[in-house]
Amino acid sequence: MNILLTGGAGYIGSHTAVVLAQAGHRVVLYDNYSNSKPTVVQRLQNILGEPLKAIEGDVRDTELLTSVLKEEQIDAVIHFAGLKAVGESSQKPIAYYSANVQGAISLLQAMERAQIYRIVFSSSACVYGDPQYLPIDEAHPTVPTNPYGRNKLQIEQLLQDVAQSDVGKQARWQIANLRYFNPVGAHVSGLIGEDPQGIPNNLMPFVAQVAVGKLPQLQVFGNDYPTPDGTGVRDYIHVMDLAQGHLAALDYLNEHYGFNTFNLGTGQGYSVLQMVHAFERASGNTIAYQIQGRRAGDIASCYAKADKALQELHWHTERNLEDMCASAWKWQTYCNSLGAN
Ligand code: NAD
Ligand code: UFG
């Protein structure tokens, strides 16, 4: 298949590009490089050993998207593009609604014009809000607690309505809605990975930068949660396992119509301190940390029930915590050698 990856130069998109290309698909990246760099394309080509097409553009440019979809004879779209920093979404809601919600509307308009009806959407565990029970299954209520989470939920509702518009007619829309838990790690080559701008907000890139000596110490946000060691528990998923989940979702859509939601997580939670110690083992370096008060908006624990993806997508995670830390460390040392992040 010919597959367009919006936001394909970003963290999850670039890893998914490798998996799809290695599975025999032709991948086209479409990105405005607002949170990535064009240099990732060369590094992807080095991993793949073949040319990769990348187009610079904004998802809100419906005209450009429509012509790309037609000219590249795209069969399916994976929609990664958007803004993703939870805290920033409260500071810049208009930018978030524009990139995320307006971006999704523009993409669907372009797809309809080009008569392409197959899409995989990057949603987030953020749509669930504070867990009412654990593990979180797909039927858990959706009560997002910040503008970013509300953007994701609104796009999900838009996609549901789009699928619903087929009812009573010949079905056209094939939609996989993937709710990611906490993606971490990097490709085994160490040539691509998460490259946050400025000081990282998320735990793993922060820990990696402490391990490499770029940041002095980690602030652990709270050790008084009702968890085994008091620090927050999350469902960390290796980005290559997540990337494989997109391939499985595309395969699923070969035979399924309508709107289909799947959690992509491991089902296993790790605490902040467990992550710190695993990273110390992977890097061989001590990670200095200091316990701080809780971060506003954080929850104690969040982890997935991932049975639906196993049963229906025939997908499960294959990489463990050691793989996540070892690959993230390889990527961090590569970045450091370039002075890149
Ligand atoms: P990322 O920022 O690394 O990648 C997103 C890419 O989209 C970037 O390359 C950016 O330049 C591009 N982009 C942003 N706005 C655009 C626009 N208007 N037009 C075209 N390109 C645009 O983020 P990521 O971690 O790879 O996340 C990919 C998707 O997965 C996002 O939709 C994100 O919300 C979602 N997600 C991420 C996480 C996570 O923790 N990383 C968790 C759940 C969901
Ligand atoms: N944490 C620290 N110190 C830090 C950063 C994080 O102690 O410097 C802790 C947090 O308090 C939390 C855990 O590490 O307990 C994970 O925090 P992250 O910021 O890495 O991840 P979140 O679970 O808060 O959120 C992430 C993404 C969201 C996504 C969500 C999906 O940022 O976009 O995972 O579960 F929606």
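Refer to the structure above for everything that follows.
Fair warning: this is a prediction, and the values are worked out from it, not measured in the lab.

Caption draft 1: Structural context of the sheet that holds strand S6 (residues 174–180). Judged by pairing direction, the sheet is parallel, and its 7 strands sit side by side in the order S3-S2-S1-S4-S5-S6-S11 without closing on themselves. Edge strands, defined here as strands with exactly one partner in the open sheet, are strand S3 (53–56) and strand S11 (258–264). If you compare each strand with its neighbour and ignore which way they point, the axes differ by 20° on average. Sheet contacts for helix H1 (residues 11–22): strand S1 (2–6), strand S2 (26–31), strand S4 (76–79) and S6; angle to S1, the most-contacted strand, approximately 170°.

Caption draft 2: Structural context of the site of ligand 1. Surveying the vicinity of ligand 1 reveals 27 residues, the closest of which are Ile-12, Asp-31, Asn-35, Ser-36 and Tyr-148. Between ligand 1 and Lys-152, the relevant distance is 2.8 Å, taken from an oxygen atom to a side-chain nitrogen or oxygen of the residue. Here ligand 1 loses 95% of its free accessible area of 820 Å² to cover by the protein chains. Secondary-structure elements contributing two or more residues to the shell around ligand 1 are H1, strand S5 (118–124) and helix H6 (147–164). Split into classes, the residues belonging to the shell around ligand 1 amount to 11 nonpolar, 11 polar and 5 charged.

Caption draft 3: Up close: helix H5 (residues 93–114). Along its 22 residues, H5 runs 30 Å from first to last C-alpha, staying within 8% of the 32 Å computed at 1.5 Å per residue. A positive backbone phi angle near 60° is found at Gln-115, which sits one or two residues after H5.

Caption draft 4: Focus on the site of ligand 2. Lining the immediate surroundings of ligand 2 are 22 residues, of which Ser-124, Asn-182, Gln-219, Arg-234 and Asp-298 lie closest. Arg-295 places a polar side-chain atom, nitrogen or oxygen, 2.9 Å from an oxygen atom of ligand 2. Top contributing element to the shell around ligand 2 by residue count: strand S8 (residues 218–221), with 4 residues. Here the shell around ligand 2 is built from residues that sort into 12 nonpolar, 6 polar and 4 charged.

What counts and how
- In this convention, every chain numbers its residues from 1, walking through the sequence in written order.
- Chain letters start at A and ligand numbers start at 1, both assigned in the order the entries are written.
- Under the rules for a predicted model, residues below a pLDDT of 70 receive no local features and side-chain atom pairs below 80 are neither given nor counted, while totals for whole chains, interfaces and linings still include all residues.
- As a rule here, side-chain values come from all non-hydrogen atoms in the structure, and water together with hydrogens is ignored.
- For two strands to count as paired, DSSP must find a minimum of two bridges between them.
- Runs of H or I in DSSP of at least four residues are treated as helices and runs of E of at least two as strands, each being numbered from the N terminus.
- Axis lines are fitted to C-alpha atoms, over the contacting stretch for helices. Their N-to-C directions set the angle, which ranges from 0 to 180 degrees.
- Here, two residues are considered to be in contact whenever any of their heavy atoms come within 4.5 Å of each other.
- The nearness test applies per residue and asks whether one of its heavy atoms lies within 4 Å of the molecule or strand.
- Whenever a nitrogen or oxygen atom comes within 3.5 Å of another N or O atom, the pair is scored as a polar contact, on the condition that within protein one atom can donate a hydrogen and the other can accept it, and that pairs from neighbouring residues in sequence are kept only if both atoms are in side chains.
- To be clear on the numbers: accessible area is Shrake-Rupley with a 1.4 Å probe, and residue cover counts the displayed protein chains and nothing else.
- Three classes are used: nonpolar for Ala, Val, Leu, Ile, Met, Phe, Trp, Tyr, Cys and Pro, charged for Asp, Glu, Lys and Arg, and polar for all others, with Gly counted as polar.
- Helix span is expected to be 1.5 Å times the residue number reduced by one.

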